[in-house]
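Chain and residue survey
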Amino acid sequence: MKRFLAALVLLAAPAAAQTIGDFQNHGDIGVTSTAGSATFDGGSYRIAASGANIWGTADAFHYAWTRASGDLHIAADIAWEGKGTDPHRKAGLMIRQHITPGSPYADVMVHGDGMVSLQYREVQDGPTFQIVSATWHPRRVRLEREGDYVWFSVAGEDGVLRHAGGNYRIAFQAPYFVGLAVSAHNDAVTETARFSNVELTVPSLAYVPDTGYPAKVESSLEVMDVGGIRSRRIVRTFDSRIEAPNWTRDGKALVYNAGGRIWRIPVEGGEPVAIDTGPNVKNNNDHGLSPDGRQLVISDQSEPDGLSRIFVLPLAGSARPRELVSNPQARSYWHAWTPDGKTIAYAHVGASDGSYDIWSRALAGGPEVPLVIGPGVDDGPEYSPDGKWLYFNSTRSGAMQIWRVRADGSNPEQVTTDPNFRDWFPHFSPDGKWIAFISFGLDVALGDHPPNRDVMLRIMPADGSAPPRVLTRLFGGQGTINVPSWSPDSKSVAFVSYRLVR
């Protein structure tokens, strides 16, 4: 309470409301060396501000706001006046729970260097994170609050607003504040931005009766820095479903599946290129690269019986992938490669009884070997980098949790223990220090991992020295992070987020 009251003292808002255009009031938030200003000439808003930043645990900027509730979109054309002092001066559109410097908020900021990002602070006086758009130097931006999610759209050279990708789940209580914000990013100077064609609208969202597999979605391929500021960056957006990115061993590209094909795209963005998988054109989201980065393993269901089989081929592609696992009584979904590249582990799903177990097979041939058998659902295997352990997710405790066994399937041990989460798909960082995984809520059936749900990406030390912590919250699920997706330097993970088309 004392910290909250101290924050209130830092608010330099005017004692009396100063209506400006469509906004009820304006004023400086946080510590600013020079008082900001806002004017409205009937067609645009001109806001000047000092302030150190809109970032971290407390903000310093000038804000023109009005109160609102419910779903809302705010859009504007934003232009800077002058060259500016700092490339990260910020002007943008903001939703804010209240007008203390450390308030929870979400905004779309146009930086002085042209970068566009969705920033958010989830809790009072907590840290700020961001999602960086693939489009820079925008003609127009829009911040979108829909339910408990915030999204953003950006217009490029053609001036057409398109969803920028990415989303974050943050619940604002009614009423909240919405408006225009400017910070100099250097409290010794004042920067000025002009906002024109400002629109505040209530979106009309079509009802989606089934948000599961039949629902149409847009997809965002993202990478996230798991340390430091935990920034998310949009690699590319897609107007349909893509799934399950892998990272190539040279760190230059991502591999994912979409429309039954396997695709490769530069990690910095660009045009995807299909990898030739010959007759195997019904690939699902269980694919990955060999430890040496030369081979690609795929799970494909092109045969008339629709059963998923496992094939291996060069990463460059092949017209004749080699069949590795083909069981006429089971669906086989690849998940793991031993560090020496000699053996794979996969989910073995009984075609008749639906049992989920973990089997293995050597690339050189030989029998399929049952490795982890019941009770319940066992899925998502991945070997530790030293090859000594096999991690997986299992319902054997009565909740979907992360478990591990010795590489030979012996000595099962539970790794995650919180029954309030349904934890799936443990993935080791290449340096062996971290495990990242996806967590569903209890609204999901015990043995299911459906698409289009409220999920979290979580991370924990591989040695179990600390409990899992949340990396980010998003709209995702099936397809988000099914397969190994760490960068080779162990600094980032790749994943997919989604948005319902409505």
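Conventions used here
- Residues numbered from 1 in each chain as written.
- Predicted model: local features only at pLDDT ≥ 70, side-chain atom pairs only at ≥ 80, totals over all residues.
- Heavy atoms only, no water.
- Helix = DSSP H or I, 4+ residues; strand = E, 2+ residues; numbered from the N terminus.
- Buried < 20%, exposed > 50% of the residue type's maximum accessible area, 1.4 Å probe, protein only.
- Contact = heavy atoms within 4.5 Å.
- Areas by Shrake-Rupley, 256 points an atom, 1.4 Å probe, with all protein chains shown as cover.
- Lys, Arg positive; Asp, Glu negative; His and termini not counted.
- Charge placed at Lys NZ, Arg CZ, Asp CG, Glu CD.
- Pairing = 2+ DSSP bridges.
- Axes fitted to C-alpha atoms, helices over the stretch in contact; angles between N-to-C directions.
- Core = buried A, V, L, I, M, F, W, Y, C linked by side-chain atoms within 4.5 Å.
- pLDDT = per-residue confidence, 0-100.
- Phe/Tyr/Trp six-rings, centres within 6.5 Å; stacked < 30°, edge-to-face > 60°.
- Lys NZ or Arg CZ within 6 Å of the ring centre and 35° of its normal.

All right, on to the overall build of the chain then. When helices and strands are counted, the chain shows one helix and 38 strands. On the principal axes, the C-alpha backbone points of the chain span a range of 80 × 50 × 40 Å. Looking at the chain as a whole, 56% of its 502 residues are labelled buried. Long-range pairs, those at least 24 residues apart, make up 53% of the contacts in the chain with a sequence separation of at least 6. Surface summary for the chain: the accessible area is close to 19700 Å², and the carbon and sulfur share equals 52%. Of the charged side chains in the chain, 47 are positive and 54 negative; the average position of the first set lies 2 Å away from that of the second.

Okay, the pairing of strand 5 (residues 72–81) next. When a strand is regular, its side chains alternate between the sheet's two faces. For strand 5, the buried fraction is high: eight of the 10 residues fall into the buried class. In the sheet, strand 5 pairs with strand 10 (residues 140–146) via five bridges, with the strands oriented antiparallel. Its bridge partner lying in strand 10, Ile74 is registered against Leu143. When strand 5 meets strand 15 (residues 191–201), the two strands line up antiparallel, connected through eight bridges. Directly across from His73, in strand 15, lies its bridge partner Thr201.

What follows covers the environment of Ala48. Within the element layout of this structure, Ala48 appears in strand 3 (residues 44–49). The buried category is assigned to Ala48, whose relative accessible area is 10%. In sequence terms Ala48 and Ile131 are 83 residues apart; their C-alpha atoms lie 25 Å from each other. Leaving out residues up to four positions away in the same chain, Ala48 has contacts with Gly36, Ser37, His62, Thr190, Glu191 and Thr192.

One open sheet holds the four strands; their spatial order is 26-27-28-29, and the pairing between them is antiparallel. Two strands close off the open sheet at either side, each with one partner strand: strand 26 (330–337) and strand 29 (369–372). Direction aside, neighbouring strands of the sheet carry axes that sit 40 degrees apart on average. Bridge count between strand 27 (residues 343–350) and strand 28 (residues 356–362): seven bridges; the pairing is antiparallel. Bridge pairing in strand 28 places Thr343 opposite Ala362.

Considering soluble globular proteins, one finds that nonpolar side chains tend to be buried as a cluster. If you look at the biggest cluster of nonpolar residues, it comprises 41 residues, and the most contacted ones within it are Phe23, Leu93, Val141, Phe152, Leu180, Val182 and Phe195. It is strand 5 that contributes the most residues to this core, five residues altogether. One finds Tyr149, Val208, Val235 and Leu254 within the second-largest nonpolar core, a separate group that totals 21 residues.

The antiparallel open sheet is built from four strands, whose spatial order is 34-35-36-37. Edge positions in the sheet fall to strand 34 (422–428) and strand 37 (469–476), since each has one partner strand and no second. Going from strand to strand, the sheet's axes swing by 25 degrees on average, the running direction of each strand aside. Two elements, strand 35 (residues 434–440) and strand 36 (residues 453–461), share seven bridges in a ladder whose sense is antiparallel. Within the sheet, the bridge partner assigned to Ala436 lies in strand 36 and is Ile459.

Let us now look at the environment of Phe23. Positionally, Phe23 belongs in the loop between helix 1 (2–9) and strand 1 (25–29). Residues Phe23 and Thr66, 43 residues apart in the sequence, show an inter-C-alpha distance of 4.8 Å. Leaving out residues up to four positions away in the same chain, Phe23 has contacts with Tyr45, Ala64, Trp65, Thr66, Ile74, Val178, Gly179, Leu180, Val198 and Leu200.

Moving on, we get to unusual backbone geometry. Residue Pro175 is reached from Ala174 by a cis peptide bond, and omega for that bond is -5 degrees. The omega torsion of the bond from Gly374 to Pro375 falls at -5 degrees, within 30 degrees of zero and hence cis. Here Pro375 lies in the loop between strand 29 and strand 30 (378–383). Phi at His137 takes a positive value of approximately 50 degrees, unusual for a residue other than glycine. As for its placement among the helices and strands, His137 is situated in the loop between strand 9 (129–132) and strand 10. Phi at Arg230 is positive, roughly 50 degrees, even though this residue is not glycine. Here Arg230 is to be found in the loop between strand 16 (217–225) and strand 17 (232–238).

Before going further, it helps to spend a moment on the confidence of the model for the chain. As a general rule, the predicted coordinates of low-pLDDT regions are not to be interpreted in detail. Averaged over every residue, the pLDDT of the chain is 95; the share at 70 or more is 97%. Scored below 50 in pLDDT, residues 1–15 shows 22 contacts in the model against residues more than four places distant or in partner chains.

With that settled, consider the packing of aromatic side chains. Within this structure, the stated rule accounts for 15 aromatic pairs. Geometrically, the ring pair formed by Trp65 and Phe177 is edge-to-face, given 6.1 Å between the ring centres and 85 degrees between the ring planes. Of this pair, Trp65 sits in strand 4 (residues 61–68) while Phe177 sits in strand 14 (residues 176–183), and the two are 112 residues apart along the sequence. Across this residue pair, the class does not change: Trp65 and Phe177 are buried. Geometrically, the ring pair formed by Trp151 and Phe475 is edge-to-face, given 6.5 Å between the ring centres and 70 degrees between the ring planes. Residue Trp151 is located in strand 11 (residues 149–155), and its partner Phe475 is located in strand 37; the two are separated by 324 residues in the primary sequence. Phe475 carries the same exposure label as Trp151, and that label is buried. Linked through ring pairs, Phe61, Tyr63, Trp65 and Phe177 together constitute an aromatic cluster. Between Arg458 and the ring centre of Phe421, over which it is positioned, the NZ or CZ distance is 3.9 Å.

What follows covers the environment of Gly306. Among the structural elements, Gly306 can be located in the loop between strand 23 (295–300) and strand 24 (309–314). According to the relative accessible area criterion, Gly306 is partly exposed, its value standing at 30%.

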